[in-house]
Structures are given as C-alpha cells and as structure tokens.
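The residues making up each chain are set out below.
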Amino acid sequence: MEGHRIYEGKAKILFDRGDPDTLVQHFKDDATAFNAQKKGRILHKGAINCQLSAHLFEFLEREGVPTHYVERLTPVEMKVRRLSMVPLEVVLRNRYAGSLAKRLGQPEGGALPFPVLEWYYKRDDLGDPIVNRDHIRVLGVASETILADVERLGRKVNDILSGFFGRKDIVLADMKLEFGVERSGKILLGDEISPDTCRFWDAKTGEKMDKDRFRRDLGHIEEYYLELFRRVVGHEPEF
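About the thresholds
Residues numbered from 1 in each chain as written. Predicted model: local features only at pLDDT ≥ 70, side-chain atom pairs only at ≥ 80, totals over all residues. Heavy atoms only, no water. Helix = DSSP H or I, 4+ residues; strand = E, 2+ residues; numbered from the N terminus. Rg over C-alpha atoms; globule rule 2.2 N^0.38 Å. Buried < 20%, exposed > 50% of the residue type's maximum accessible area, 1.4 Å probe, protein only. Areas by Shrake-Rupley, 256 points an atom, 1.4 Å probe, with all protein chains shown as cover. Pairing = 2+ DSSP bridges. Axes fitted to C-alpha atoms, helices over the stretch in contact; angles between N-to-C directions. Contact = heavy atoms within 4.5 Å. Left-handed = near helix turned anticlockwise from the far one by under 90°. Nonpolar A, V, L, I, M, F, W, Y, C, P; charged D, E, K, R; others polar. Disulfide = S-S within 2.5 Å. Expected span 1.5 Å × (residues − 1). Salt bridge = Lys/Arg side-chain N within 4 Å of Asp/Glu carboxyl O.

A. Local environment of the overall build of the chain. Across its full length, the chain carries 6 helices and 15 strands. On C-alpha atoms alone, the chain measures out to a radius of gyration of 17 Å, which is about the 18 Å that the 2.2 N^0.38 rule sets for 239 residues. Residue burial in the chain is summarised as follows: out of 239 residues, 49% are buried. Carbon and sulfur atoms make up 51% of the accessible area of the chain, which totals about 11300 Å².

Following this line, the structure appears as structure tokens:
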C-alpha cells in the first residue's frame, strides 16, 4: 500500500501509511542541482542513497546520535519517525569546496583548520540563503535551545563520520544535515546521508564520489556512487 503522499521534494517522497508516529520515506532516482535549474536522473540512485543512509543512521545510533530512522522496508524505502522539521540546513565543512571556496577565494581541496558550521534557511523560492544566528532570531524559526542542540549534534555527527569515512580511504569534505523535533520534544537527525548531501573524495586519487559529478558533468556518476557504497557498506546494494 503506497499510502497518502504528504510531501514530495527533489529527491524523496514522504508517505503517511496510518501510523501517527512514523512515515515512509521513498528515495527517487531524480537528480537536481543549482536549486533545480539542472535536472536529470542517476540510475539506481534511490536504492543506493536509501541503503547507504540506513547503514549510516544505524551506525550513528550506535555512536549515540538520535536519528529518525526506524527500519528499511524496501531497497528504496525506509520507515522514519514523524518529525516537525527545523527549517534550517546545517552544513559542516572540513575542506575548501563548492560555495565556500568561491566565497573565500580559496582553491578547492585545502583542509580547513577546524570544521566550519554554516546555517542555511530552507526556502526554495529564495535559493536556501546562508544565514547567521541573528538572522535566525529575526525570522523566529528556531529557539536558542533548538539551535544549541542542533549545533552540538551536527558537530558530533561530523566528528564521528569524518573518522569513519577516513578509515575507508574517503575524505568527507563537507555535509548537509537536517534535524527535526519529534512529538516528545527530542531533536533527531533526519533527511538522509548520501552522495547527494555530502562531498566525498577518494583519499588517494582525489576523485569526486558524489553529486558534484552530476553538477559539473564529470561523467561516471553511477560508477562512483556504487564504488562509494561498496567501500562503505561492504557489499552490493539491492535493486
């Protein structure tokens, strides 16, 4: 049973299947970039991102990070806890890459002296602009308590996963995280953790293993998504 579709984004669909505490998150093969100005499809992306996210959520739960993940249902669907999402993206940056390299006039690839945390306001019509804590207070979209919890958890996730991927010969250059509040008031990590939301570089060759291959027309997109999955999870994904 598909259930009632309550939300569809660029890469995922959320279904309500009658449980007041959970939703079903479906991962699509659709790919977008530059605020959906560029569109396409990446073969098996939905399955790879769903199963990789499930693997990483399970790992983070064991490391003490609360997440929305409950269980995987199919190769492209997972059951997740129902959250009221904080309308902010939290970006943790470990290397100069993407917009940070452009804004600061630095060559891409260099290591930052410490992880840099940035906030982005989730508004597609505004292009998800970068904001600071004063902007967030003016907008009134999150309390100081929620912001403190989100920042603490975001930095913890970055610390844990930087080491985890490093042991797989993968550089975690940066990552976008999203958080929500469940009915009890607890802050949970939501959304996904995948090559769509992170920049992954091969530690030996520097090759990009993420959606930058789609953004920049680098080719071999499916091959690198699969290679990342195999290296992290240790087996082939289910299709």
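B. Molecular detail of the sheet that holds strand S3 (residues 22–27). With antiparallel pairing, 5 strands are arranged side by side in an open sheet as S1-S2-S3-S7-S6. In the strand order of this sheet, the two ends are held by strand S1 (4–8) and strand S6 (69–74), each with one partner. In this sheet, adjacent strand axes meet at a mean angle of 30° when their direction is disregarded. Pairing between strand S2 (residues 12–16) and S3: 4 bridges, direction antiparallel. Bridging across to S3, Leu14 finds its partner in Gln25. Along the sheet, helix H1 (residues 45–62) contacts S3, S6 and strand S7 (77–81); its crossing angle with S6, the most-contacted strand, is approximately 150°.

C. Expanded view of the packing of H1 against helix H4 (residues 144–166). Running from N to C, H1 and H4 point in directions that differ by 115°, and their axes come no closer than 11 Å. Seen along the crossing, H1 lies across H4 with a hand that is right-handed. For the pair formed by H1 and H4, the contact residues are His55, Leu56, Phe59 and Leu60 on the first element and Val157, Ile160, Leu161, Phe164 and Phe165 on the second. Class assignment for the residues of the contact of H1 with H4 results in 8 nonpolar, 1 polar and no charged.

D. How the structure looks around the pairing of strand S9 (residues 88–95). Counting buried residues in S9 gives 7 out of 8 residues, a clear majority hidden from the surface. Looking at chain direction, S9 and strand S10 (residues 111–121) are connected through 7 bridges and run antiparallel. In the strand pairing of S10, Val91 is matched with Glu118. Strand direction decides the pairing type here: S9 and strand S12 (residues 170–177), joined by 4 bridges, are antiparallel. Within S12, the residue paired with Val90 across the bridge is Leu177.

E. Fine view of the state of the cysteines. Using the criterion set out here, one finds 0 disulfides in the structure. Free of any disulfide, Cys50 has its nearest neighbouring cysteine sulfur in Cys198, separated by 15 Å. Residue Cys198 is classed as buried on the basis of its relative accessible area, which comes to 4%.

F. Highlighting the environment of Gly140. Here Gly140 shows up in the loop between helix H3 (133–139) and H4. A relative accessible area of 59% means that Gly140 is categorised as exposed. Sequence separation between Gly140 and His26 is 114 residues, and the spatial gap between their C-alpha atoms is 30 Å.

G. Geometry of the pairing of S6. Direction of pairing for S6 relative to S7: antiparallel, over a ladder of 4 bridges. Across the sheet, residue Tyr69 finds its bridge partner in S7, namely Val80. Here S6 folds back onto S7, and the loop between the two strands holds 2 residues.

H. Representation of H1 within the structure. When the terminal C-alpha atoms of H1 are compared, their 26 Å separation across 18 residues agrees well with the 26 Å that a helix rising 1.5 Å per residue should span. Counting buried positions over the 18 residues of H1 gives 14, a clear majority of the element. Backbone geometry just after H1 places Gly64 at a positive phi near 95°.

I. Structural view of the pattern of salt bridges. This structure, assessed with the given rule, holds 40 salt bridges. The salt bridge involving Arg183 is made with Asp21; its shortest N-O contact spans 2.3 Å. A residue pair is termed long-range when its members are at least 10 positions apart, and Arg183 in the loop between strand S13 (179–181) and strand S14 (187–189) and Asp21 in the loop between S2 and S3 qualify at 162 residues. Given a relative accessible area of 68%, Arg183 falls into the exposed group. Residues Lys176 and Glu178 are paired through a salt bridge, measuring 2.9 Å at the closest nitrogen-oxygen approach. Both residues of the pair, Lys176 and Glu178, belong to the buried class. Three or more residues are tied together by salt bridges with common partners; here these are Arg93, Arg103, Glu108, Glu118, Asp174, Arg199, Lys208, Asp212, Arg215 and Arg216.

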